[in-house]
Amino acid sequence: MSKNKTSDKESAEEAYAYTPGLKVKRVISVLKTRLLPIPGEILVEKGAKVDFDTIVARANIPGKPTIIKASEVLGIAPESLPVFMVKKIGDTMEKDEIIAKYTPFFGLIKKFVKSPAQGVLEAISDITGQVVVREPPTPVEVKAYIPGTVVEVLPKRGVVIETYSAFIQGIFGIGGERHGVLSIVAKSTSEELTPERMSLEHKGKILVGGSLITIEAFRRAVELGVSGIIVGGVRGVDLTSILGYEIGVAITGQEDINITLIATEGFGKMNMSIRTFDLLKEFEGREVALNGATQIRAGVIRPEIIIPNEKRISESKKELARGMRPGTPVRIIREPYFGKIGTVVSLPVQLEKVETESFVRVLEVKLEEGNVTVPRANVEIIEE
Amino acid sequence: MIWERDEKAILRLHKPEEEMQYILVTDVGSTTTKARLFHKINGEWRYALSGEAPTTVEAPYENVIMGVQNAIREIEELIGLKFLSEEGRIIKPHAKGRGVDFYCSTSSAGGGLQMMVAGVIKTMTVESANRAALGAGAIVEDAIAVDDDRPDYQKIDRIRQLRPDMILLAGGTDGGTTTLVMQIAELISAADPKARLGADYKLPLVYAGNRDVRPQIQKLMQDRFALEIVDNLRPVLEIENTEPARMAIHELFMEHVMSHAPGYPELMNWTDLDILPTPAGEGMAMQLIAYAEKKNVIGVGLGGATTNVYSVFDGKFVRSVSANLGMSYSICNVMKEAGVGNILRWLPFEISEDDLIDILRNKMIRPTTIPQTLDSLLVEQAVAREALRLGLKHHKTIATRLKGAKKVHRMIGEMLEYMLEETYIDMMKISIIGGTGGLLSHAPRRVQSLLILTDAFQPEGVTKVYQDSEFMMPHLGVLSKAFPDIAWNIFDKDCLVRLGTVIAPKGTANPGESAVKVRMEMPDGTIFEKDVEFGEIIRVPLAEKTRAKAVISPRHDLDVGAGPGKTLETTVEGGVVGVVIDTRGRPLALPEDGEERRKKLVKWFDSLELYPRNS
């Protein structure tokens, strides 16, 4: 369990962008905050070098409590329960050990309350006649997830790890954190990922497809033990078949599957953006980390691909995005120009009427086929 | 009480009310922050302008203030006045063409107020606790009862899994069961739930149960929770008293929850009035409609993440929230709950289920996009019908009578079984339907919202339909706490759009058969008279704020409110749409065959001039 948080130094500057685009960066500093779900022990120091699987923090989650209606079992009034307790609050016990006993009629009748599990007696209530046994804590460990340097230790909470890497955000994913060697299996951004493209050599690897993964290809990947798949699109109906249930609200990452799937563009057959594809191609054969976790609501989390790349950029202060302006490269993210890439020509202040007859804030975008007008809400900035 | 000045809620006034010129109100929604500017013109307060910007409660911004500033900047750009200082703070009071005189806000960002409620009997104290939490504007994540059929370990697992913002614990009448109340309290205490917005503060818990166990509750709970004890919400079986719990929830919401959300401590500093949960503001506005017209009302706020349904029926106000029915974040949950086929049935063009699924999933992952093509608009409006239909269905499970003490058998611990009674919501007795939310307010033609609400709620008899003009019901609800007269004037003149009146006979007949004869004396003295066949929907223009005397005679087995086959003489009110005579049947059944259904939809849509015709 850990909370991931990617921050590069641009985030504050992007505050005025109407729609922040998905990041596709060749080299950035990625900071990952690796948090324990509850306070615990930090196992690394500031400055330490860590690898994908280095355990950086550990904690004990309080064990499950079990409530036993002890007075009912003994057949006594709740207020009498303390008298018949064998164990005291704080006592440890094994499973089936006697917690309370009642032996009326000179021992002719014997009634016992046994512990349902190994644990500690936490509470005795003389109002309800209940006792609470808490099971031993469950240890949880947090891994580094990315190789890099510990730049901050958050006492008892976690650490912040920094790495220089290529960084790509997808739009939607399933499956949690994994790492593996990147292997490009599609020849082009428009090619579909089919079972024939996969073989035994792909076991444990992260495969990159083009426009769509078919359900057959996904099943084949699972059979082969592929670790992850990065592809342009996936059909909604196939997603339901893969998971065995329908996703209602986009909060993912905890699925019970041994593979992580990241769609970079959306649902349906959608060519992977050339920029994303080329970047992935450049790093073929490298060990990458990826996480399908997606949360659209309340603390947006997008799936991510992190390709550690030690070559640091000199902090070249490129002019950073401060919202859209003429010349800003954008991608249209809704019909009728879904997926098209262009540059902003103008941003009229006045509302304009679109086909639906709604008056909305629009922008003019220059596409290959000419200039088009689209609602401002329907584009995202392509971050250079 | 609604629409009365609440002196305690006002944090500061910058100048006397009569000298004020500009009031700014924001609603920080889950998707969009909506700023509304109100301005005094010739001594009268009116709505002036809107500005909207994406809400910035989430990463990478994690500061709600930015969205608020962006929305205000949009207004600045349109009006050409300055409301924000160089440092980005709201300038107050208004002077020399800069600044506003008063600022307040509602909020539902970051998931709104999420609560867990608990009590003893599912159909009694837990149901009342549920209504109290919902009435306070919360989303109820789960309702735990002693008798809810889940074994204790499952309840404990569930409580540990939930990360609520607050807990409402009820149970027992005053002088009633103590053991069962303590049982559920001990269960919560053992589960030791953690707050959603951080592990380092105490989770607020409101106790509104049997007063006899207050000392024991205090002893058990005060170390683990920020405990607030209020009057029992079910002091006796026959009375439900949710007000003290609701007030405590609002106080704790500000004190504990809001202050931990990103950027809110600063926003709380900016506002001159306590921040209210959006649904609480919206609910106040819906109650006002019922209060002003003395009629039964069903209201709905169709949002991006949630659908809130409000009813005021025979004076009783009830709110329900369907936390995962919405038009953006939750659009796929509507699909999941309704079934893709039920969405598809409202579309007048052919599309495969698989393609429709992809369209909806793409909206889910890019929730802030808006329809540009007519087909996209039709898809979203089809989803809206289903979200509203499911929202009302859910509401009916909350708007139920207080369960009486019909004792079936008695067991140890006073475990009782109660008869479930059905909802008291009767569409024939609902006189007004009110709608708000982005999709309804932004519908390019008002008749679209009228038909969406009609298709979803299926009003029976004679029903007026209202909507929010620019989505400002929450804004006016919160503003009314400080300036009820100002809020009411704007509400009446600028917010409430009277769409018209729907006349819909209850029952079914065969297509082509005469369904209802309608005769109306129009304001200009002319007479409208028509025998409408079954299966039709027609529109009769009747301007807003005008009325017509109507004589409505249904066929023998149809009912318009006076009983089957009985003539109803009434007055119908006009609106921007007019009077809509809907003889499509109640319940409304669409043809099973796809082609036939699409033809019928096109016919109905054309009859009402719902969409531009050339497409």
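Here is what the cut-offs are and how they apply
- Residues numbered from 1 in each chain as written.
- Chains lettered and ligands numbered in written order.
- Predicted model: local features only at pLDDT ≥ 70, side-chain atom pairs only at ≥ 80, totals over all residues.
- Helix = DSSP H or I, 4+ residues; strand = E, 2+ residues; numbered from the N terminus.
- Rg over C-alpha atoms; globule rule 2.2 N^0.38 Å.
- Buried ≥ 20, exposed ≤ 12 C-beta atoms within 10 Å, placed from the backbone.
- Contact = placed C-beta atoms within 7 Å.
- pLDDT = per-residue confidence, 0-100.
- Pairing = 2+ DSSP bridges.
- Axes fitted to C-alpha atoms, helices over the stretch in contact; angles between N-to-C directions.
- Nonpolar A, V, L, I, M, F, W, Y, C, P; charged D, E, K, R; others polar.
- Domains from an automatic or database assignment.
- Core = buried A, V, L, I, M, F, W, Y, C linked by C-beta atoms within 7 Å.
- Parallel < 35°, antiparallel > 145°, perpendicular 65-115°, else oblique.
- Left-handed = near helix turned anticlockwise from the far one by under 90°.
- Right-handed = clockwise from strand over helix to strand, strands pointing away.

**Brief notes about the overall build of chain B**
For step 1, the next point in the chain: Along chain B, the regular secondary structure elements total 17 helices and 22 strands.
For step 2, the next point in the chain: Against the globule reference of 25 Å for 615 residues, chain B gives a C-alpha radius of gyration of 25 Å, in line with a compact fold.
For step 3, the next point in the chain: C-alpha extents for chain B along the principal axes are approximately 75 × 70 × 50 Å.
For step 4, the next point in the chain: Sorting the 615 residues of chain B into buried and exposed places 57% on the buried side.
For step 5, the next point in the chain: Partitioning the contacts of chain B with sequence separation of at least 6, the portion at a separation of at least 24 is 71%.

**With respect to the overall build of chain A**
For step 1, the next point in the chain: If you tally the helices and strands in chain A, you get 6 helices and 30 strands.
For step 2, the next point in the chain: At 28 Å, chain A has a C-alpha radius of gyration far larger than the 21 Å of a compact globule built from 384 residues.
For step 3, the next point in the chain: The dimensions of chain A, computed from C-alpha atoms along their principal axes, are 100 × 50 × 45 Å.
For step 4, the next point in the chain: When the 384 residues of chain A are sorted by exposure, 41% land in the buried category.
For step 5, the next point in the chain: Taking all contacts inside chain A whose residues are at least 6 apart in sequence as the whole, residues at least 24 apart take part in 64%.

**Some points on the confidence of the model for chain A**
Residues and elements named next belong to chain A.
For step 1, the next point in the chain: When pLDDT is averaged along chain A, the result is 88, and 90% of the positions lie at 70 or above.
For step 2, the next point in the chain: Mean pLDDT values for the elements of chain A range from 38 in strand β1 (residues 6-7) up to 98 in strand β18 (residues 206-208).
For step 3, the next point in the chain: With pLDDT under 50 throughout, residues 1-18 is counted as low confidence; its partners more than four residues away or in other chains account for 45 contacts.

**A short note on the environment of B:Gly172**
Residue and element names in this part refer to chain B.
For step 1, the next point in the chain: Turning to its location among the elements, Gly-172 is positioned in the loop between β7 (166-169) and α4 (179-191).
For step 2, the next point in the chain: A residue is classified by how many C-beta atoms lie within 10 Å of it, and Gly-172, with 27 of them, is buried.
For step 3, the next point in the chain: The spacing of Gly-172 and Ala-338 is 166 residues in sequence and 37 Å in space, taken between C-alpha atoms.
For step 4, the next point in the chain: The contact partners of Gly-172, leaving out residues within four places of it in the chain, are Val-120, Thr-125, Thr-177, Thr-178, Leu-180, Val-181, Gly-209 and Asn-210.

**A word on the sheet that holds strand β4 (residues 102-107) of chain B**
Residues and elements named next belong to chain B.
For step 1, the next point in the chain: Ordered by their spatial adjacency, 5 strands build an open sheet running β3-β2-β1-β4-β10, and the pairing between neighbours is mixed. In this open sheet, the two edge strands, each paired with only one partner strand, are β3 (44-54) and β10 (276-277).
For step 2, the next point in the chain: With respect to the sheet, helix α1 (residues 64-79) is in contact with β1 (22-28), β2 (32-41) and β3, its orientation differing from that of β3 by roughly 125 degrees.
For step 3, the next point in the chain: Docked against the sheet, helix α16 (residues 484-495) engages β2 and β3, running at close to 75 degrees with respect to β3.

**Quick notes on the environment of A:Leu347**
Residue and element names in this part refer to chain A.
For step 1, the next point in the chain: In this fold, Leu-347 is placed in the loop between β25 (341-346) and β26 (352-353).
For step 2, the next point in the chain: Along the backbone, Leu-347 and Leu-363 are 16 residues apart, and their C-alpha atoms lie at a distance of 4.6 Å.
For step 3, the next point in the chain: Non-local contacts of Leu-347, meaning those with residues more than four positions away in its chain, are made with Met-324 and Leu-363.

**Some details on the interface of chain B and chain A**
For step 1, the next point in the chain: On the side of chain A, 54 residues touch chain B, which itself brings 54 residues to the contact.
For step 2, the next point in the chain: Those elements giving two or more residues to the side of chain B that touches chain A turn out to be α1, α3 (152-161), α4, α9 (331-338), α11 (353-365) and α12 (374-398) of chain B.
For step 3, the next point in the chain: Tallied by class, residues from the side of chain B that touches chain A come to 25 nonpolar, 18 polar and 11 charged.

**Observations regarding the domain arrangement of chain B**
All names here are of chain B.
For step 1, the next point in the chain: Assigned domains of chain B: these are domain 1 (7-109), domain 2 (112-270) and domain 3 (297-324 + 426-607).
For step 2, the next point in the chain: The straight-line distance from the C-alpha centre of domain 2 to that of domain 3 is 38 Å.
For step 3, the next point in the chain: Each partner contributes residues to the interface: domain 2 has 4 residues there, and domain 3 has 6 residues.
For step 4, the next point in the chain: The dominant element in the side of domain 2 that touches domain 3, judged by the number of residues it contributes, is helix α2 (residues 125-135), at 3 residues.
For step 5, the next point in the chain: Its residues assigned to classes, the side of domain 2 that touches domain 3 shows 2 nonpolar, 1 polar and 1 charged.

**So, the nonpolar core**
For step 1, the next point in the chain: Ranked by size, the top nonpolar core spans 266 residues in total, and within it B:Met115, B:Ala133, B:Leu168, B:Val206 and B:Ile249 carry the most contacts.
For step 2, the next point in the chain: Ranked by residue count, the leading element in this core is α12(B), at 11 residues.
For step 3, the next point in the chain: Ignoring sequence-local partners within four residues, the contact set of B:Met115 consists of B:Ala133, B:Ala138, B:Ile139, B:Val140, B:Glu141, B:Pro164, B:Asp165, B:Met166, B:Ile167 and B:Leu168.
For step 4, the next point in the chain: Grouped together as the second largest cluster of nonpolar side chains are 14 residues, A:Met324, A:Ile332, A:Leu363 and A:Val379 included.

**Describing the packing of α12(B) against helix α14 (residues 446-457) of chain B**
The axes of two packed helices give the description: the angle between them and the distance between them.
Residue and element names in this part refer to chain B.
For step 1, the next point in the chain: In contact at an axis separation of 8 Å, α12 and α14 are set at 40 degrees when each is read in the N-to-C sense. One way to sum up the angle between α12 and α14 is to call them oblique. Pair α12 / α14 crosses with right-handed handedness. Residues Gln-381, Ala-384, Arg-385, Leu-388, Arg-389 and Leu-392 of α12 form the contact with α14, whose own contacting residues are Gln-448, Ile-452, Leu-453, Asp-455, Ala-456 and Phe-457.
For step 2, the next point in the chain: Looking at side-chain class alone, the contact of α12 with α14 contains 7 nonpolar, 2 polar and 3 charged residues.

**Observations concerning the pairing of strand β9 (residues 225-229) of chain B**
Residue and element names in this part refer to chain B.
For step 1, the next point in the chain: Alignment of strand β8 (residues 203-207) against β9, held across 5 bridges, turns out to be parallel. Residue pairing in the sheet places Tyr-207 in a bridge with Ile-229 of β9.
For step 2, the next point in the chain: In this region the chain leaves β8, passes through helix α5 (residues 214-221) and returns to the parallel neighbour β9; the handedness of that crossover is right-handed.

**Looking at the sheet that holds strand β19 (residues 537-540) of chain B**
All names here are of chain B.
For step 1, the next point in the chain: Strand order in the open sheet formed by 8 strands is β13-β12-β11-β14-β15-β16-β22-β19, and the pairing between neighbours is mixed. The open sheet is flanked by β13 (316-322) and β19, the only strands paired with a single partner. Put simply, the sheet's adjacent strands are angled 20 degrees from each other on average, direction ignored.
For step 2, the next point in the chain: Of the pairings in the sheet, the one linking strand β16 (residues 496-504) to strand β22 (residues 578-582) comprises 4 bridges and is parallel in character. If you follow Ile-503 over to β22, its bridge partner there is Ile-581.

**What to know about the packing of α4(B) against α5(B)**
Residue and element names in this part refer to chain B.
For step 1, the next point in the chain: Running from N to C, α4 and α5 cross one another at 10 degrees; their axes reach a closest spacing of 10 Å. In terms of orientation, α4 and α5 fall into the roughly parallel class. Residues Met-182, Ala-185, Glu-186 and Ser-189 of α4 touch α5, and the partners they reach there are Gln-216, Ile-217, Leu-220 and Met-221.

**Thoughts on the confidence of the model for chain B**
All names here are of chain B.
For step 1, the next point in the chain: Of the residues in chain B, 95% reach a pLDDT of 70 or more, and the chain-wide mean stands at 91.
For step 2, the next point in the chain: Between residues 405-421, whose pLDDT stays under 50, and residues either more than four places distant or in other chains, the model counts 19 contacts.
For step 3, the next point in the chain: Overall fold confidence for the complex sits at a pTM of 0.86, while the interface term, ipTM, reaches 0.86.

**With respect to the pairing of β4(B)**
All names here are of chain B.
For step 1, the next point in the chain: Among the 6 residues in β4, 6 count as buried, and that is most of the element.
For step 2, the next point in the chain: The two faces of β4 match: Phe-102, Cys-104 and Thr-106 on one face and Tyr-103, Ser-105 and Ser-107 on the other face are all buried.
For step 3, the next point in the chain: Looking at chain direction, β1 and β4 are connected through 6 bridges and run parallel. Within β4, the position partnered with Ile-23 by the bridge is Phe-102.

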